[in-house]
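Topology and contacts: notes
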Amino acid sequence: MKLLGSIVFLLVLGSALAYKSYSGYQVLKTAPLTPAAMPYVNRLSRRFDFWGTPSVGRPATVMVSPEDAPIIIAAFNRMRISHEVSVADLGPEVEKERAANEALRLALPRKPRVAAYDRYMTFEEIDAHIHETVDGNPDVASILDLGLSYEGRELHGIKLSNGAAGQKSVWFDCAIHAREWIAPPVCLRIIDEVLADSALRDLADWYILPVANPDGYSYSHTDDRFWRKTRRPNQGSSCVGTDPNRNFDFLWDSAGDPCTEVFPGSSAFSEPECGAIGNFISSNADSLVLYVAVHSYGELILYPFGHTVEPVPNVDDLIAAGTASADAIAAVGGTRYSVENSAAGLYFTFGASDDYAYGIGAALYSYTYELSGGGSGGFNPPASAIQGVVDEVWPGLKTLVEYSLAN
Ligand code: 0X9
Ligand code: ZN
């Protein structure tokens, strides 16, 4: 018994020690950004880890290591971007959240075939849940097998269909950015709803990938809560990973430093996870009507393109569908998502998944949803926030699907 006790202690200690410490890391918050400040912030965001999506009229949040803090503070001062320290030391917060999540995982075990919305599920739990769901609903559900991640995890999503021939299709992926833990529960909620409602399956075939970056997602559970990228090492650099949302083969931008959070990779689709999603999108271009990438955070509904503010041909429809969706979200509890063009409302990007789906001519309706933030910085809402977020976002996504299929 004593031995068992020591082993458990060592395991718990070991997992705590393996976790990246954010001791001394600060979170800085700027004043609402002016249009004049945007180019500076865009440039800084290539080097520093801005959280969420800096945009005009909103404060930007950036996480900095103790070494980087004086550098960015000096840059803000030079550019007259006023700022304040919103978290002076992330270390204790992250450790507290890790312990709380672990305690919930032990206290609230997942029931078979039921997704958990009271705690954050691990990748293995989500994968098992998808398989149980398919096993329990063989008439309408099947595994969407997209292959393997870099570290060999299964890229398993789910297809929900009534089996009619010639159906249109809709796609949702969640957590292509590893640390955006609030996203997978939204994908799981979509699965719950579509399974329960044959009329939704009459509208279209639904493809849902709850964890699009399983290596990164797992790593954010075991080692580093704020990991964003994939986990493939980069040749000639000690920095690991590529930003999967810069790695798609649409206007992919080769310039980038592997040590930044937005490294686009060594080539377009260098990341197997992105190649697998891209391949699905291009091979289903004929049926795909709607593509949605679920991210956090910012309460935004973003539509293409990320590389230009020039309106795309069906911009009116994109805005109308996005606005109907935002209205449905607001009707639940008042949270107002704003509908914006990625480049105009945010920073310029190349190689993002939504732009790929739209740009290659696959999905006429293509969006990134930035869910609500929470926690010490934004990517770490407490588990108690999950239910509220999925409850308000599901009606918005349902409306989006209905609108895009009807128009
Ligand atoms: O920068 C991103 O990849 C997304 N924001 S996040 O904070 N979740 O990293 C926004 C992507 C929006 N879409 C395009 N820019 N195309
Ligand atoms: Zn993201």
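Given the structure is predicted, the values throughout are model-derived calculations rather than measurements. (Residues numbered from 1 in each chain as written. Chains lettered and ligands numbered in written order. Predicted model: local features only at pLDDT ≥ 70, side-chain atom pairs only at ≥ 80, totals over all residues. Heavy atoms only, no water.)

1. Details of a nonpolar patch on the surface
Among the surface-exposed residues, Leu251, Val309, Phe348 and Phe350 lie close enough to one another that they form a single nonpolar patch of about 350 Å² accessible area. Assignment of secondary structure puts leucine 251 in the loop between helix H8 (214-222) and helix H9 (272-283). When its relative accessible area of 43% is taken as the criterion, leucine 251 is described as partly exposed. (Patch = residues over 30% accessible without salt bridge, like charges linked within 9 Å, V, L, I, M, F, W, Y side chains within 5 Å. Areas by Shrake-Rupley, 256 points an atom, 1.4 Å probe, with all protein chains shown as cover. Salt bridge = Lys/Arg side-chain N within 4 Å of Asp/Glu carboxyl O. Helix = DSSP H or I, 4+ residues; strand = E, 2+ residues; numbered from the N terminus. Buried < 20%, exposed > 50% of the residue type's maximum accessible area, 1.4 Å probe, protein only.)

2. Topic: the site of ligand 1
Among the 19 residues in the neighbourhood of ligand 1, the closest are listed as Arg228, Asn245, Tyr347, Thr349 and Glu370. In this structure, asparagine 245 approaches ligand 1 through a side-chain N or O atom, which is 2.8 Å from an oxygen atom. Between ligand 1 and the protein, one listed contact pairs a nitrogen atom with a side-chain N or O atom of glutamate 370 at 2.7 Å. Considering ligand 1 on its own, with 420 Å² of exposed area, one finds that the protein chains cover 99% of that surface. The set of elements that each furnish at least two residues to the shell around ligand 1 consists of strand S9 (288-296), helix H12 (353-359) and strand S12 (365-371). Tallied by class, the residues present in the shell around ligand 1 amount to 3 nonpolar, 10 polar and 6 charged. (Near = heavy atom within 4 Å. Polar contact = N/O pair within 3.5 Å; in protein donor to acceptor, adjacent residues only side chain to side chain. Nonpolar A, V, L, I, M, F, W, Y, C, P; charged D, E, K, R; others polar.)

3. Overview of the state of the cysteines
Taken as a whole, this structure holds 2 disulfides when the rule is applied. With its sulfur 2.1 Å from that of its partner, cysteine 174 forms a disulfide with cysteine 187. Residues cysteine 174 and cysteine 187 share a disulfide whose torsion about the S-S bond is about 90°; that sign makes it right-handed. One end of the pair, cysteine 174, is in strand S7 (residues 169-174); the other, cysteine 187, is in helix H6 (residues 183-196), with 13 residues separating them in the sequence. Like cysteine 187, cysteine 174 is buried. (Disulfide = S-S within 2.5 Å.)

4. Quick look at the pattern of salt bridges
Summed over the entire model, instances satisfying the criterion amount to 15 salt bridges. The partner of aspartate 68 in a salt bridge is arginine 47, and the shortest N-O contact between them spans 3.4 Å. Here aspartate 68 is found in the loop between strand S3 (61-64) and helix H3 (69-78), whereas its partner arginine 47 is found in the loop between helix H2 (38-45) and strand S2 (49-51), with 21 residues between them in sequence. Through salt bridges with shared partners, a single ionic network connects Glu151, Arg153 and Asp215.

5. Concerning unusual backbone geometry
Of note, the bond from serine 296 into tyrosine 297 is cis; its omega dihedral lies within 30 degrees of zero at 5°. Structurally, tyrosine 297 is set in the loop between S9 and strand S10 (300-303). If you check the backbone angles, alanine 175 has positive phi at about 60° while not being a glycine. As for its placement among the helices and strands, alanine 175 is situated in the loop between S7 and H6. Accessibility expressed as a relative area gives 0% for alanine 175, which makes it buried.

6. Some words on the confidence of the model for the protein chain
Residue-level pLDDT values for the protein chain average 92, and 96% of them are 70 or greater. Low pLDDT (under 50) marks residues 1-16, which in the prediction has 3 contacts with non-local residues, meaning those over four places away or in another chain. (pLDDT = per-residue confidence, 0-100. Contact = heavy atoms within 4.5 Å.)

7. Looking at helix H4 (residues 90-107)
The terminal C-alpha atoms of H4, which comprises 18 residues, lie 26 Å apart, in line with the 26 Å expected from a rise of 1.5 Å per residue. Residues of H4 that are buried: Leu90, Gly91, Val94, Glu97 and Arg98. What you see down the axis of H4 is that its buried residues fit within an arc of 140°, all on one side. H4 presents Pro92, Lys96, Leu106 and Ala107 as exposed residues on the side facing more than 90 degrees away from its buried surface. (Expected span 1.5 Å × (residues − 1). Arc of directions from axis to C-beta.)

8. Observations concerning the coordination of the zinc ion (ligand 2)
Donor atoms from the polypeptide that bind the zinc ion (ligand 2) are His177 (ND1), Glu180 (OE), Glu180 (OE) and His295 (ND1), placed at 2.0 to 2.4 Å. Sequence spacing among the residues donating to the zinc ion (ligand 2) works out to H-x2-E-x114-H. Separated by 115 residues along the polypeptide, glutamate 180 in the loop between S7 and H6 and histidine 295 in strand S9 bring together distant segments of the chain. Residue classification places glutamate 180 among the buried positions, given a relative accessible area of 2%. (Donors = N, O, S within 2.8 Å, 3.2 Å for Na, K, Ca; no water.)

9. Things to note about the packing of aromatic side chains
Going through the model one piece at a time under the given rule, you end up with 18 aromatic pairs. Centroid distance tryptophan 51 to phenylalanine 226: 4.7 Å. Interplanar angle 35°. Geometry classified as tilted. In this pair, tryptophan 51 sits in strand S2 while phenylalanine 226 sits in the loop between H8 and H9, placing the two residues 175 residues apart along the sequence. Judged by its relative accessible area of 2%, phenylalanine 226 falls in the buried class. Aromatic side chains phenylalanine 269 and tyrosine 356 sit 5.3 Å apart centroid to centroid with 75° between the ring planes, which places their arrangement in the edge-to-face category. Within this pair, whereas phenylalanine 269 is found in the loop between H8 and H9, its partner tyrosine 356 is found in helix H12, the two being separated by 87 residues in sequence. Seen from the ring of phenylalanine 379, arginine 179 lies directly overhead, with NZ or CZ sitting 4.3 Å from the centre. (Phe/Tyr/Trp six-rings, centres within 6.5 Å; stacked < 30°, edge-to-face > 60°. Lys NZ or Arg CZ within 6 Å of the ring centre and 35° of its normal.)

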